[in-house]
Protein chains: 2
Amino acid sequence: MEESYRCWLQYRFVQDTQRFYQYRKWVSNIVVARETEIINSAARELQDALKSMLNLKPSIWRHPFHQQPFLFLGSYEDINPENHGISASLLNRLDDEGYLLKTVNNQILVIGKTDRGTLYATFHLLRLLQCEQPIDSLEITDSPKNQLRMINQWDNMDGSIERGYSGNSIFFRDNDFVDDLTRVKNYARFLASVGINAISINNVNVWNLETRLITKEFLPKVKEVAEIFKSYAITVFLSINFASPIELGGLSTADPLDRDVQKWWENKAKEIYQYIPDFGGFVVKADSEGRPGPFTYHRSHAEGANVLARALKPYNGKVIWRCFVYNYLQDWRDRSTDRAKAAYDHFGPLDGQFLDNVILQIKNGPMDFQVREPVSPLLGAMKKTNQMIEFQITQEYTGQQIDVCYLVPQWKEVFDFDTYAQGESSTVKSIVNGSLYNCKYSGVAGVSNIGDDVNWTGHALAQANLYGFGRLIWNPDLSTEQITKEWIYLTFGIHQQVVEPIKWILLHSWETYENYTAPLGVGWMVNPNHHYGPNVDGYEYSKWGTYHFADRDGIGVDRTVETGTGYTAQYFSPCSEIYNSLECCPDELLLFFHHVPYSHQLKSGKTVIQHIYDTHFEGVETVKLFIKLWDSLEGKIDNGIFQNVKERLKRQLENAIEWRDQINTYFYRKSGVPDEKNRMIYR
Amino acid sequence: MEESYRCWLQYRFVQDTQRFYQYRKWVSNIVVARETEIINSAARELQDALKSMLNLKPSIWRHPFHQQPFLFLGSYEDINPENHGISASLLNRLDDEGYLLKTVNNQILVIGKTDRGTLYATFHLLRLLQCEQPIDSLEITDSPKNQLRMINQWDNMDGSIERGYSGNSIFFRDNDFVDDLTRVKNYARFLASVGINAISINNVNVWNLETRLITKEFLPKVKEVAEIFKSYAITVFLSINFASPIELGGLSTADPLDRDVQKWWENKAKEIYQYIPDFGGFVVKADSEGRPGPFTYHRSHAEGANVLARALKPYNGKVIWRCFVYNYLQDWRDRSTDRAKAAYDHFGPLDGQFLDNVILQIKNGPMDFQVREPVSPLLGAMKKTNQMIEFQITQEYTGQQIDVCYLVPQWKEVFDFDTYAQGESSTVKSIVNGSLYNCKYSGVAGVSNIGDDVNWTGHALAQANLYGFGRLIWNPDLSTEQITKEWIYLTFGIHQQVVEPIKWILLHSWETYENYTAPLGVGWMVNPNHHYGPNVDGYEYSKWGTYHFADRDGIGVDRTVETGTGYTAQYFSPCSEIYNSLECCPDELLLFFHHVPYSHQLKSGKTVIQHIYDTHFEGVETVKLFIKLWDSLEGKIDNGIFQNVKERLKRQLENAIEWRDQINTYFYRKSGVPDEKNRMIYR
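Predicted model only: the values in this text are computed from it and were never measured.

### Observations concerning the overall build of chain A
Then, in step 1: Secondary structure summary: chain A contains 20 helices and 18 strands in total.
Then, in step 2: Taken over C-alpha atoms, the radius of gyration comes to 26 Å for chain A, in line with the 26 Å a tight globule of 683 residues would show.
Then, in step 3: With the principal axes as the frame, chain A shows a C-alpha extent of 80 × 65 × 50 Å.
Then, in step 4: Here chain A, with 683 residues, has 66% of them falling under the buried criterion.
Then, in step 5: Look at the contacts in chain A between residues 6 or more apart in sequence, and 72% of them connect residues 24 or more apart.
Then, in step 6: Counting only carbon and sulfur atoms, one obtains 48% of the accessible surface of chain A, whose full area is about 24,100 Å².
Then, in step 7: Positive and negative side-chain charges in chain A, numbering 70 and 84 respectively, have mean positions lying 3 Å apart.

This is the structure:
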């Protein structure tokens, strides 16, 4: 198997002799205190890893013993905490997925609050071993900070993936499930290793064939997939078609208040749970970009979501209802409509009307996964509604896994953003972890970036986004530095010569991509449809509500209360005032909120036009530096990965140059202002 | 059968009583002096038409008689000219396709120089009857002014048509020929009725499957189609893949100087002519937009064409070699490369090197079928090379049969353009009719606009383009007025209430389309790929070599000798000086040749920017007038056609408004100059 296929579960042979023998001492004997499917997965992972790292086949025991050191794999109920100096209160503080790693006398306890915790503890221990950390005196407790930690696959049954840049689906091919589910199982391992506990396996745009996933035609296959994920503590969801009662049920309506429709969904839920008793529920994109929804019947989104929620309720199923609802047939001439306002306007008034097993899934920004956007004002705006946030791991607008763009810093900024929804410290992370409003359900979803490319993510460095997503949503307080180092250690080993260049590239990649693409938060200067490469006016006269309004004098979208669309008023104070004020608005979002002359002076001291030129020249230079840094790794890392990234960086440089030149020429032609530093701007 | 299906061969019942009886008198008896396939077609057409127009089943005779009037259908050899007052010299002046229509005593002679002429004479007579003209004293001789009068189908075997806007192919479906060739036969009738004598039936881009059209797998079907066309005096050509020796022959090269390659083509020609003894030859798009060609082997286009010509020569076959060769991977930053110069640069130096059965097919303009372009400077530039011109009947850049755009006036302008290649009166028509340089072969090709839509052309008024193409290339001296009236008479009848509105729409449609789209000859402000609707910067940073260079100060492409690309030097004097001069260059081509400030004053007295605003407002107003005029026809014409055009005009208005607003806003934003008349320009 190619190295790139194994991602961050390389389980490299331990080079340090001291560690090697220390580890062997502890792990040659493993006590597996109870057998569940999940604990079996943990034990299997452990055995495979130890074979690979220590050339060791550990002895497995059912009960503890005293003479030799051993690893104790089990749950809370399998030990007497007091015997091991563990306070009951400590364990009580852990939630069901929490765990303890503790070295006590001759054993290392690998203990979960439940077997799910055991699995996570095992992966934690393996992480330590791979990073060659000491394990002689472990005392670690951890619990995930977010409840639902979910992946959304946008896979279609023909094998294609919407916004997929890594080959075809690992789930579907030729309008059916794939025969060989090996990759699905390995995917489950990767996801579990970073704490993911839920997955929806089909595209949120549910086409004809995919509508039938919830029928007996495909449910046996869904069940098969769900069982694989279940053994890794991951719950399977399906995206459904709101018009299913018509498409599948032959009803004349999908009106959520129609009794037959309600009955149909009740029966459908019953049928699904007969196949898959722990089925997670539905993900729904309704009344969005042409998909059917409750609006057809003049019903609200709450009424739409609740008909599903009521049907799933008896089985503890959830409805994840996406808030990506806006007018996608806008007229560019109309300056009063503002797509950024749509989610808040649609959903805000419905607060309190959703059943308690509905969760609203809100994209991190108000537009659509741009390289730079403000945080969605809907996050925190609904006090009586379960909310989760949606990130996009797949790099639709951020380089499509051709350009490197490590998104953990972006996501962390979003998590740390203070909405002031309940005064200071009302951060996004406190909203999506459910603590701010004490939500019953909450969490984080991410749109997957994997496909059937050998290395899963097309660009090997894009594996870091999947790893980082899992780790960060497990605990948004982890530092970017730590997550990044971890991923490099696990993927490439711990040698500084290798670690530092890769870390530098990753940590500068988002800023670099931002530098050479759309400036100052304005977004959308991208080729329509496929969304790769520059096209400054590509969306300027479109129906999508995505404009920059550049003219000979200035650029930007006036979203102020006084003269603009009034979008800034959707934020809590003082964010609303900060964004509304030309003086206070942060540079990086200036053009998202304000229309300014090219001569406008930024806080950086530069004019807007000079900032555009400077960042675009800088962006290209940084990519050249990436290439230099990467080239220094030749011979020091796996050659397959080396060549893969080298080839992508070459394409990234071409892309960055094209962006630089098109953007600079466009704005030079429009503004007539020359570059202060007299660099090459094509007429 | 729907009326729209019958196009201009409606054969309406003759309403005028006097004419009705006059016609019946002459045509109740028909002498068919000889039987050939082609004369049989003519006789059949005549009988069908008379049945429909006069409710008459004429008696057919083998020999003339004296008592009653009759129609005499035959060729020159069937009569004694002197007996009919026809001078031998008159008949000698007619070429093989020429004919005579003459009323002599009790007979109307419908006489061709050959049976092909007889067919054309028959259609001429039928045209007269349909227009309710007197036939008591006919004395008409006519010959086509152009030798090859050709249609190029861009049909693919999967049934799709490149740049087709009228449904799918009538030739191919599901990667094979269609089973039912009825439509092909009717198409042959329509083409013959306007004098077309050649057709290539597959796309010039020859993909994998189509490459195999010249193999025994498909040649029997090609033969079947060719026989249908043959009975209407139309010769069938095929577009071929230059790499056929590799693809089909298994050779390792397609090098035209390779002996095996030459042999392969010789054998291939032999094989084809065994199936189709009167096969026309090959149409070739080589080294163009990614298609294979002689450049791969460092051979010239002459060497490439000649290998085919040599193979076809023994069978009198021809090679039609397209000159649409340019760098399609241009860098927009490079201002020295000029796509407009490419055809001349590539082919000019090869004059005299092509074998005499090669004909170069040159697009009318140097770019690609824009609504307004100068005439290609390659036309007339090669004195020792057979040349034909290529027009595009299908409305790729001219409204796609959604917007009405009657192209006869455009083509006529091209024909009448004086190249000064041999001093004054070196018109394009004198080049393509072979007279200027006394070419062995010459002619005109047009890219077909038909598909399997019931009305053939999607937009019923687009039938006029096919009709007009045929009539105009038969004789470029026909007036637009005459061709247009003829088509309306034949299609809709002769009532002035009907004729005048339709004529007004047709005759103003090209100018109107030009008005609301790209101004002053600059072209290309269109959505990339599909080429419908506005996108001012759509091609501005592309690889296609199609730029307008608009900045805050001005717009246009400097193609002058002094400061630009030097393209103007490709014309003969005085055209080169006229185009090169800012003062002399005609307004409508100004931006094709010059980069000027928005404030530049046109010959019309307007500034460039005001011209842009004015024409775009006017364009929309004229479309509104089209709608009014068309609405006046309700109840007066076939309702199917009425509704079809009404629906298209509605879409045209939407398109015109979108063009107006995007163009005006774009240039207002860029120039900052307000409209003098203060009309609505969106910011």
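### A few points about the relation of the copies chain B and chain A
Then, in step 1: Each copy of the sequence occupies a distinct position, and chain B is placed on chain A by a rotation of 180° and an axial shift of 0.0 Å, giving an RMSD of 0.0 Å. Here the transformation between the copies is reduced to the relation of a two-fold axis.
Then, in step 2: Mapped onto chain A, 100% of the interface residues of chain B are again interface residues, and the two copies thus contact each other with one and the same surface.

### Focus on the interface of chain B and chain A
Then, in step 1: Across the contact, 23 residues belong to chain B and 23 residues belong to chain A.
Then, in step 2: Both sides together, the interface formed by chain B and chain A hides about 2,400 Å², and carbon and sulfur atoms give 46% of it.
Then, in step 3: Taken as a group, Arg333, Arg552 and Arg669 of chain B account for 34% of the area that chain B buries against chain A, more than any other trio of residues on that side.
Then, in step 4: For Glu540 of chain B, the salt bridge is made with Arg669 of chain A, and the minimal N-O distance between the two is 2.9 Å.
Then, in step 5: If you look at where chain B meets chain A, you find 17 residue pairs in polar contact (both at pLDDT 80 or more).
Then, in step 6: Looking at the side of chain B that touches chain A residue by residue, the classes come out as seven nonpolar, four polar and twelve charged.

### Here's the deal with the UniProt feature "domain: Glycosyl hydrolase family 67 catalytic" (unreviewed entry) in chain A
Then, in step 1: Residues given the UniProt feature "domain: Glycosyl hydrolase family 67 catalytic" (unreviewed entry) here are residues 129–456 of chain A.
Then, in step 2: The distance from the first to the last C-alpha atom of residues 129–456 of chain A is 24 Å, and the span holds 25% helix and 15% strand.

### Observations regarding the pattern of salt bridges
Then, in step 1: Applying the stated criterion across every chain, the model contains 88 salt bridges over all chains.
Then, in step 2: A salt bridge links Lys223 of chain A to Glu227 of chain A; the shortest N-O distance between them is 3.5 Å. Placement of both Lys223 of chain A and Glu227 of chain A in helix α7 (residues 219–230) is noted, with a separation of four residues, approximately one turn of the helix.
Then, in step 3: The residue Asp356 of chain B makes a salt bridge to Lys440 of chain B at a minimum N-O spacing of 3.3 Å. Of this pair, Asp356 of chain B sits in the loop between α11 (342–347) and β14 (358–363) while Lys440 of chain B is found in the loop between α13 (428–432) and β16 (442–447), placing the two residues 84 residues apart along the sequence.
Then, in step 4: Residue Lys440 of chain B is classed as partly exposed on the basis of its relative accessible area of 43%.
Then, in step 5: Taken together, the shared-partner salt bridges connect Asp331 and Arg333 of chain A together with Glu658, Arg660 and Asp661 of chain B into one network.

### Things to note about the packing of helix α16 (residues 496–516) of chain B against helix α19 (residues 608–631) of chain B
Residues and elements named next belong to chain B.
Then, in step 1: Orientation of α16 relative to α19, taken along the N-to-C sense of each, is 155°, at an axis distance of 9 Å. Classed by the angle they form, the pair α16 and α19 counts as roughly antiparallel. Crossing angle aside, the handedness with which α16 passes α19 is left-handed. Residues Pro501, Ile502, Trp504, Ile505, His508, Ser509, Thr512, Asn515 and Tyr516 of α16 touch α19, and the partners they reach there are Thr615, His616, Glu618, Gly619, Thr622, Val623, Leu625, Phe626, Leu629 and Trp630.

### Notes on the UniProt feature "domain: Glycosyl hydrolase family 67 C-terminal" (unreviewed entry) in chain A
Then, in step 1: With numbering matched to this structure, UniProt assigns "domain: Glycosyl hydrolase family 67 C-terminal" (unreviewed entry) to residues 457–679 of chain A.
Then, in step 2: Secondary structure content for residues 457–679 of chain A is 51% helix and 2% strand, while the C-alpha to C-alpha distance between its ends is 36 Å.

### Focus: the sheet that holds strand β4 (residues 99–104) of chain B
All names here are of chain B.
Then, in step 1: Taken in spatial order, the six strands make up an open sheet running β2-β1-β3-β5-β4-β6, and their pairing is mixed. Each edge of the sheet is formed by a strand with only one pairing partner; in this case those strands are β2 (59–61) and β6 (139–142). Taking the axes of each pair of neighbouring strands and ignoring which way they run, one obtains an average angle of 15° across the sheet.
Then, in step 2: Pairing between strand β1 (residues 29–32) and strand β3 (residues 70–75): three bridges, direction parallel. Residue pairing across strands places Val32 opposite Leu73, the latter belonging to β3.
Then, in step 3: Along the sheet face, helix α2 (residues 37–54) touches β1, β2 and β3 and points at about 155° away from the line of β3.

### Side note on helix α4 (residues 115–130) of chain A
Then, in step 1: For α4 of chain A, built from 16 residues, the straight-helix expectation of 22 Å at 1.5 Å per residue is met to within 8% by its first-to-last C-alpha distance of 23 Å.
Then, in step 2: Most of α4 of chain A sits inside the fold, with 15 of its 16 residues counted as buried.

### A look at the side chain of Asp368 of chain B
Residue and element names in this part refer to chain B.
Then, in step 1: Its location among the elements puts Asp368 in the loop between β14 and β15 (387–392).
Then, in step 2: What makes Asp368 buried here is its relative accessible area of 6%.
Then, in step 3: Only 2.7 Å separates the side chain of Asp368 from the side chain of Lys363, close enough to count as a polar contact.
Then, in step 4: Every residue in contact with Asp368, bar those within four places of it in the chain, is listed here: Phe324, Arg339, Lys363, Glu373, Tyr397 and Trp524.

Rules used throughout
Within each chain, residue numbers correspond to sequence positions counted from 1 in written order. Each chain gets a letter, beginning with A, and each ligand a number, beginning with 1, in the order they are written. Given that the model is predicted, a residue must reach a pLDDT of at least 70 before its local features are reported, and side-chain atom pairs must reach 80 or more before they are shown or counted; all residues, however, enter totals for whole chains, interfaces and linings. Working from all heavy atoms in the structure, the side-chain values ignore hydrogens and water. Strands here mean DSSP runs of E at least two residues long; helices mean DSSP runs of H or I at least four residues long; both are numbered from the N terminus. Every radius of gyration here is taken over C-alpha atoms, with the globule rule written as 2.2 Å times N^0.38, N being the number of residues. Here's how the labels work: a residue is buried when its accessible area is under 20% of the maximum for its type, exposed when over 50%, partly exposed in between, all with a 1.4 Å probe on protein chains only. Between two residues, a contact is recorded if the distance between any of their heavy atoms is within 4.5 Å. Residue burial considers only the protein chains on display, and all accessible areas are found by Shrake-Rupley using a 1.4 Å probe. Working convention for charge: Lys and Arg count positive, Asp and Glu count negative, and His plus the chain ends are omitted. Positions of charges follow a simple convention, taking NZ of Lys, CZ of Arg, CG of Asp or CD of Glu. The copies were overlaid with a least-squares fit restricted to C-alpha atoms from residues scoring a pLDDT of at least 70 in each copy. Two parts placed together each lose some accessible area; with a 1.4 Å probe, that loss summed over both constitutes the buried area. By definition, a salt bridge exists where a carboxyl oxygen of Asp or Glu is found within 4 Å of a side-chain nitrogen of Lys or Arg. Polar contacts, as counted here, are pairs of nitrogen or oxygen atoms within 3.5 Å of one another; within protein the pair requires one atom able to donate a hydrogen and one able to accept it, and residues that are adjacent in sequence qualify only if both atoms are side-chain atoms. Lys, Arg, Asp and Glu make up the charged group, whereas Ala, Val, Leu, Ile, Met, Phe, Trp, Tyr, Cys and Pro make up the nonpolar group; the residues left over, Gly among them, are polar. UniProt positions are given in the numbering used here, feature names are shortened, and annotations may be inferred rather than shown by experiment. Note on geometry: axes are lines fitted to C-alpha atoms, helical ones only across the stretch in contact, with angles between N-to-C directions running from 0 to 180 degrees. Oblique is the label for every angle not falling under 35 degrees (roughly parallel), over 145 degrees (roughly antiparallel), or within 65 to 115 degrees (roughly perpendicular). What makes a crossing left-handed is the near helix being turned counterclockwise from the far one by less than a right angle; a clockwise turn instead makes it right-handed. Whether two strands pair comes down to DSSP finding at least two bridges between them. A helix's residues, less one, multiplied by 1.5 Å, set its expected span.

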